[in-house]
Amino acid sequence: MSDFNILEDQLSNAQIAWRAAQDIEDGSYVNLGIGFPEMIAKFQPEGRDVTYHTENGVLGFGKAPAEGEEDWDLINAGKKAITLNPGASFFHHADSFSMVRGGHLDLAVLGAYQIAQNGDLANWRVGSKGVPAVGGAMDLVHGAKRVAVVTDHVTKKGQPKLVETCTFPLTGVGCVTRVYTSLAVIDIEGGKFILREKLPQISMEELQAVTGATLHTDGDVLDLIVPQDL
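Bear in mind the structure is a predicted one, so any value in this text is a computation, not a measurement.

Concerning the nonpolar core
Logical step 1: Counting residues in hydrophobic clusters, the biggest one holds 55 residues, and the most contacted among them are I40, I115, L121, V150 and V176.
Logical step 2: Here the element with the most residues in this core is helix α2 (residues 13-21); it accounts for five residues.
Logical step 3: Discounting chain neighbours no more than four positions away, the residues touching I115 are D120, L121, V149, T151, K161, L162, V163, C166, V176, V179, I188 and F193.

Observations concerning α2
Since the α-helix packs 3.6 residues into each turn, any two residues three or four apart lie on the same face.
Logical step 1: The buried fraction of α2 amounts to seven of the nine residues, a majority that puts the element mostly inside the structure.
Logical step 2: Considered for burial, the residues of α2 that qualify are A14, Q15, I16, A17, R19, A20 and A21.
Logical step 3: Against β10 (147-151), β12 (178-181), β13 (184-189) and β14 (192-198) lie the buried residues of α2.

Some thoughts on the sheet that holds strand β4 (residues 84-90)
Logical step 1: Read from one edge of the open sheet, 10 strands run β4-β3-β2-β1-β5-β10-β12-β13-β14-β15, paired in mixed fashion. Two strands in the sheet have a free side with no partner beyond their single neighbour: β4 and β15 (215-223). On average, each strand axis in the sheet is tilted by 20° relative to the strand beside it, whichever way the strands run.
Logical step 2: Note: β13 against β14, six bridges, orientation antiparallel. Within β14, the position partnered with A184 by the bridge is K198.
Logical step 3: Relative to the sheet, α2 contacts β10, β12, β13 and β14, its axis offset from that of β12 by approximately 145°.

Reading guide: rules and limits
Residues numbered from 1 in each chain as written. Predicted model: local features only at pLDDT ≥ 70, side-chain atom pairs only at ≥ 80, totals over all residues. Heavy atoms only, no water. Core = buried A, V, L, I, M, F, W, Y, C linked by side-chain atoms within 4.5 Å. Buried < 20%, exposed > 50% of the residue type's maximum accessible area, 1.4 Å probe, protein only. Helix = DSSP H or I, 4+ residues; strand = E, 2+ residues; numbered from the N terminus. Contact = heavy atoms within 4.5 Å. Pairing = 2+ DSSP bridges. Axes fitted to C-alpha atoms, helices over the stretch in contact; angles between N-to-C directions.

Okay, here's the thing in structure tokens:
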């Protein structure tokens, strides 16, 4: 066993977001979920053209404005101020969801409370706690061509977020294909968690111990390497 301390040695949210950003393909149309996933836009690789969509009706928004320079008529679905890239467009809420439901988004990235090994996602309610309704997330997870999740590997109480079966109310069924956690990068294929990358300082046994379903391998498991100064 190593001296790995999950609280001290796991990736930060910024590092998870950076890693997820590296996989977004040039020319993609992408929706980033409210909160943590929004951070991914900050780490878009130089020279890569990505068009970001927000459910309230903007396509092609840019980086967050500097503090004090916000235009509060320009916000995303999370009510955070945005800027516009050249060619950005505005449209009705209904048209926005037509884009989502019509399969026009290449990727949606969301947060999670639980992800099951078959790709089920629960991200809107924990027991009696949570937002009043699932909202647009249920449209995104079945409308986007690909769905990824960014999340801590375990809860604040140390419970696994990657599980055999979700126990919280579902956002979508069999929808998630890749998970970026604070410890690893994991694909979901054939109803199984397939480990692709892990932090080099954590052993396979330690990683399995904090995962609520069996981790499978298919070829080499790469080291999960991210910048330290994010």
